[in-house]
Amino acid sequence: MNHLVVAAILAAMAGLGGPARDDIRSRTDGRSGSAGPALVTHNPAIQASLDRLWRASPSWRAALDAVSLTGRRAVLLTPEQVVVRDSADSGDSSPFDSGVLGEVSPVVNSGGAVDVVLVVINLPLIEAAHDDRGSLPAELHDDLDGVIAHEVFGHAVPYLLAGSVAGRCADPQAGQRAVDACAIQRENVVRRELGLSRRTDAGINGLMLAFRGRR
């Protein structure tokens, strides 16, 4: 990730304390491992997507069960909940980029460990694109599920399982085929289990509004 994503409500949402904690829905389809839930969100549309992914994908369930046992977690946010800084030392901040579908930022503690990963899902962008198309609800759900699969299963879960930035699972690098990139390979595992078409495009169109058909 190129920028530090700062969430004012991170502590509460990550279960690290704070007055908003009781207002946050956190679960992995109603279940959690012995150390707590692997995913945390307060957004109903994102939670519904997490529930669909849990029901449909054995790989998703296995990964989240494994993360849950570590006590680490991903916090899923929407753009209005975050600001973006150019660096940790910079006092300058700006809103989340409205043209970006999603971002993942591991939170590295003073000891170099990663116990929390922030995942920003640009739900307003996805919904606006489908509103413009007059899409059916199922089409919106498919695209949202694909974006979340990419950001959570592709990027966040490897950080959480490793417990450090050594778990980085990258998007395609310059000159690399999209299907050979770590994050897209992982995403395609979940897409296959959801019955969605395989992603072969590294750009936004590969994530959204490109693959209407199911395999």
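Undergrad: Can you lay out the pairing of strand β5 (residues 82–85) for me, pointing to particular residues and giving the numbers?
TA: Alternating positions in β5 separate cleanly, V82 and V84 being buried on one face and V83 and R85 remaining unburied on the opposite face. With three bridges joining them, β5 and strand β6 (residues 93–95) adopt antiparallel strand pairing. Note on β6: the bridge partner recorded for V84 is S94.

Undergrad: I'd like a rundown of the packing of helix α2 (residues 44–56) against helix α5 (residues 137–162), residues and numbers included.
TA: Running from amino to carboxyl end, α2 crosses α5 at an angle of 80 degrees, the nearest separation of the two axes being 10 Å. By the angle class used here, α2 and α5 are roughly perpendicular. For the pair formed by α2 and α5, the contact residues are A45, I46, S49, L50, R52 and L53 on the first element and H141, L144, D145, I148 and A149 on the second. In terms of residue class, the contact of α2 with α5 is made up of seven nonpolar, two polar and two charged.

Undergrad: I'd like a rundown of the state of the cysteines, residues and numbers included.
TA: Within this structure, the stated rule accounts for one disulfide. With a sulfur-sulfur separation of 1.8 Å, C169 is cross-linked through a disulfide to C182. In this structure, the disulfide formed by C169 and C182 twists by about -110 degrees around the S-S bond and is classed as left-handed. Of this pair, C169 sits in the loop between α5 and α6 (182–194) while C182 sits in helix α6, and the two are 13 residues apart along the sequence. Using a relative accessible area of 3% as the deciding quantity, one classes C169 as buried. The exposure class assigned to C182 is partly exposed, which follows from its relative accessible area of 34%.

Undergrad: Describe the packing of aromatic side chains, listing the residues and the values that go with them.
TA: Taken as a whole and assessed by the stated rule, the structure comprises zero aromatic pairs. Cation over ring: R186 sits above F153, and NZ or CZ is 4.1 Å from the ring centre.

Undergrad: Any chance you could break down the environment of A181 for me, citing the residues and the numbers?
TA: Take A181: it is sitting in the loop between α5 and α6. For A181, a relative accessible area of 1% translates into the label buried. Between the alpha carbons of A181 and C169 there is a distance of 8.1 Å; along the sequence they are 12 residues apart. The contact partners of A181, leaving out residues within four places of it in the chain, are A170, D171, P172 and Q176.

Undergrad: Talk me through the confidence of the model for the protein; I want residue IDs and the actual numbers.
TA: Mean pLDDT over the protein: 80, with 74% of residues reaching 70 or higher. The least confident element of the protein, judged by mean pLDDT, is strand β2 (residues 25–26) at 38; the most confident is helix α3 (residues 58–70) at 96. Considering only residues more than four positions removed or in separate chains, one finds that residues 11–34, a stretch of pLDDT under 50, has 47 contacts. Ignoring residues within four places in sequence, the model shows residues 210–215, a span with pLDDT below 50, making 22 contacts including any to other chains.

Undergrad: Could you give me a rundown of the packing of helix α4 (residues 123–133) against α5, with the residues and numbers involved?
TA: Packing of α4 against α5 brings their axes to within 10 Å, and their N-to-C directions diverge by 150 degrees. Regarding the angle of α4 to α5, the classification is roughly antiparallel. As for the relative orientation of α4 and α5, their crossing is right-handed in sense. Residues L123, I126, E127 and H130 of α4 touch α5, and the partners they reach there are E139, L140, D143, L144 and V147. Its residues assigned to classes, the contact of α4 with α5 comprises five nonpolar, one polar and three charged.

So, how was this worked out
- Residues numbered from 1 in each chain as written.
- Predicted model: local features only at pLDDT ≥ 70, side-chain atom pairs only at ≥ 80, totals over all residues.
- Heavy atoms only, no water.
- Buried < 20%, exposed > 50% of the residue type's maximum accessible area, 1.4 Å probe, protein only.
- Helix = DSSP H or I, 4+ residues; strand = E, 2+ residues; numbered from the N terminus.
- Pairing = 2+ DSSP bridges.
- Axes fitted to C-alpha atoms, helices over the stretch in contact; angles between N-to-C directions.
- Parallel < 35°, antiparallel > 145°, perpendicular 65-115°, else oblique.
- Contact = heavy atoms within 4.5 Å.
- Nonpolar A, V, L, I, M, F, W, Y, C, P; charged D, E, K, R; others polar.
- Disulfide = S-S within 2.5 Å.
- Phe/Tyr/Trp six-rings, centres within 6.5 Å; stacked < 30°, edge-to-face > 60°.
- Lys NZ or Arg CZ within 6 Å of the ring centre and 35° of its normal.
- pLDDT = per-residue confidence, 0-100.
- Left-handed = near helix turned anticlockwise from the far one by under 90°.

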